[in-house]
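# Descriptive analysis of the structure
These are the residues of each chain, in order.
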Amino acid sequence: MADAAKDLASGTVGGAAQLIVGHPFDTIKVKLQSQPAPTPGQPPRFTGAIDAVKQTVAAEGPKGLYKGMGAPLATVAAFNAVLFTVRGQMEGLLRSEAGVPLTISQQFVCGAGAGFAVAFLACPTELIKCRLQAQGGALAGTSTTGSVVAAVKYGGPMDVARHVLRSEGGARGLFKGLLPTFAREVPGNATMFAAYEGFKRFLAGGSDTSSLGQGSLIMAGGVAGASFWGIVYPTDVVKSVLQVDDYKNPKYSGSMDAFRKILKAEGVKGLYKGFGPAMARSVPANAACFLAYEMTRSSLG
């Protein structure tokens with residue numbers, strides 16, 4: 001089997017593992033990110049991550065934590081196939097000779113290239129996911145002047161896609177938030193893959209990491225995931241509020257406008273809403289992803 005096919009298959013398995021482990025955390029993250037700023041003297045809709053979990057389960061049951069999983073589940077194969085395959089192909093281009101490990105700087109470049117490629121798939125997928133996750137809890141039933149999203153009810157991923165294509169500018173509407181998606185995926189994946197390889201080498205005591213066990217791979221994957229969100233989280237907040245913003249009565253005119261308004265209304269902490277669930281998700285989800293990828297890749301030779 002060609003290396004590209006192996007990366008494709010392994011990335012698919014890794015992505016499925018990541019999604020199953022991490023989606024409930026992601027749902028809470030989006031709910032916290034997209035809730036409107038409270039009016040003076042009033043408490044926020046959710047006081048924190050635990051409160052968001054309690055309210056979601058009380059209103060929708062445990063399945064509410066998996067709302068919006070259909071969109072990323074339907075595209076997880078393509079998403080991770082692109083991510084790991086582009087990374088693998090860039091490794092081949094940068095490698096001076098067969099069998100020679102890349103430097104950490106070269107791994108950084110490979111991750112950046114993979115992030116750029118995958119952003120085109122991530123943007124519409126995340127728009128659909130965020131619309132489904134945000135509705136019915138933090139934002140439904142509020143006015144467009146007091147919320148970042150209109151009270152539109154969606155029946156599922158395909159219903160979101162149809163609504164956007166029909167009422168929000170066609171295919172262009174599905175790519176709302178592309179700029180902050182690039183700003184998240186390029187530096188985020190560059191840092192993640194560099195951190196993953198760097199931590200593996202730290203644990204192995206050198207560039208040969210083939211002898212590392214599953215526990216070490218889990219640790220390296222967790223560190224990699226934490227490094228991703230550690231540097232790009234504010235861009236994810238901007239992306240989320242843009243993607244759930246009302247099309248007819250938008251609160252934000254673009255990425256910089258959203259950034260300025262969040263900063264003005266809520267301060268720096270507004271750019272880190274949902275950071276706790278994101279970090280809590282990133283460690284186990286990315287640990288599962290990289291472990292599944294490495295095990296599948298190894299089994300394929």
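Residues numbered from 1 in each chain as written. Predicted model: local features only at pLDDT ≥ 70, side-chain atom pairs only at ≥ 80, totals over all residues. Heavy atoms only, no water.

## Some thoughts on the nonpolar core
- In terms of nonpolar packing, the biggest core is built from 30 residues, with F84 and F290 touching the most fellow members.
- Elements with a contribution of two residues or more to this core: α3 (70-94), α4 (104-134), α7 (178-204), α8 (214-243), α9 (255-266) and α10 (275-299).
- Here the element with the most residues in this core is α8; it accounts for eleven residues.
- Excluding residues within four positions of it along the chain, F290 makes contact with F84, M192, F193, Y196, G221 and A224.
- Core analysis: the second largest hydrophobic core is formed by eight residues, Y154, A161, V164 and L174 among them. (Core = buried A, V, L, I, M, F, W, Y, C linked by side-chain atoms within 4.5 Å. Buried < 20%, exposed > 50% of the residue type's maximum accessible area, 1.4 Å probe, protein only. Helix = DSSP H or I, 4+ residues; strand = E, 2+ residues; numbered from the N terminus. Contact = heavy atoms within 4.5 Å.)

## What to know about the packing of helix α1 (residues 3-34) against α10
- With their axes 8 Å apart at the nearest point, α1 and α10 run at an angle of 165 degrees to one another. By the criterion of interaxial angle, the relationship of α1 to α10 is roughly antiparallel. Seen along the crossing, α1 lies across α10 with a hand that is right-handed.
- Of the residues belonging to the contact of α1 with α10, the class tally is 16 nonpolar, eight polar and seven charged. (Axes fitted to C-alpha atoms, helices over the stretch in contact; angles between N-to-C directions. Parallel < 35°, antiparallel > 145°, perpendicular 65-115°, else oblique. Left-handed = near helix turned anticlockwise from the far one by under 90°. Nonpolar A, V, L, I, M, F, W, Y, C, P; charged D, E, K, R; others polar.)

## A closer look at empty space enclosed by the protein
- Summed over the entire model, instances satisfying the criterion amount to three cavities of 30 Å³ or more.
- A volume near 490 Å³ is recorded for the largest cavity.
- Together, 28 residues line the largest cavity, and Q18, F79, E126, R184 and R281 are the ones closest to its centre.
- Every element with two or more residues in the lining of the largest cavity is listed here: α1, α3, α4, α7, α8 and α10.
- The leading source of residues in the lining of the largest cavity is α3, at seven residues.
- Residue composition of the lining of the largest cavity, grouped by class: twelve nonpolar, nine polar and seven charged. (1 Å grid on protein atoms, 1.4 Å probe; cavity = no way out; pocket = protein on both sides within 12 Å on 5 of 7 lines; lining within 4 Å. Points joined across faces, edges and corners; volume = space filled by probe spheres on them.)

## Section: helix α5 (residues 157-167)
- Every buried residue of α5 is listed here: V160, A161, H163 and V164. One face of α5 carries all of its buried residues, which in axial projection span an arc of 165 degrees. Seen from the open side of α5, the exposed residues pointing more than 90 degrees away from its buried face are M158 and R166.
- Just downstream of α5 lies G169, where phi reads positive at about 90 degrees. (Arc of directions from axis to C-beta.)

On their own, these measurements won't tell you what the molecule is for.
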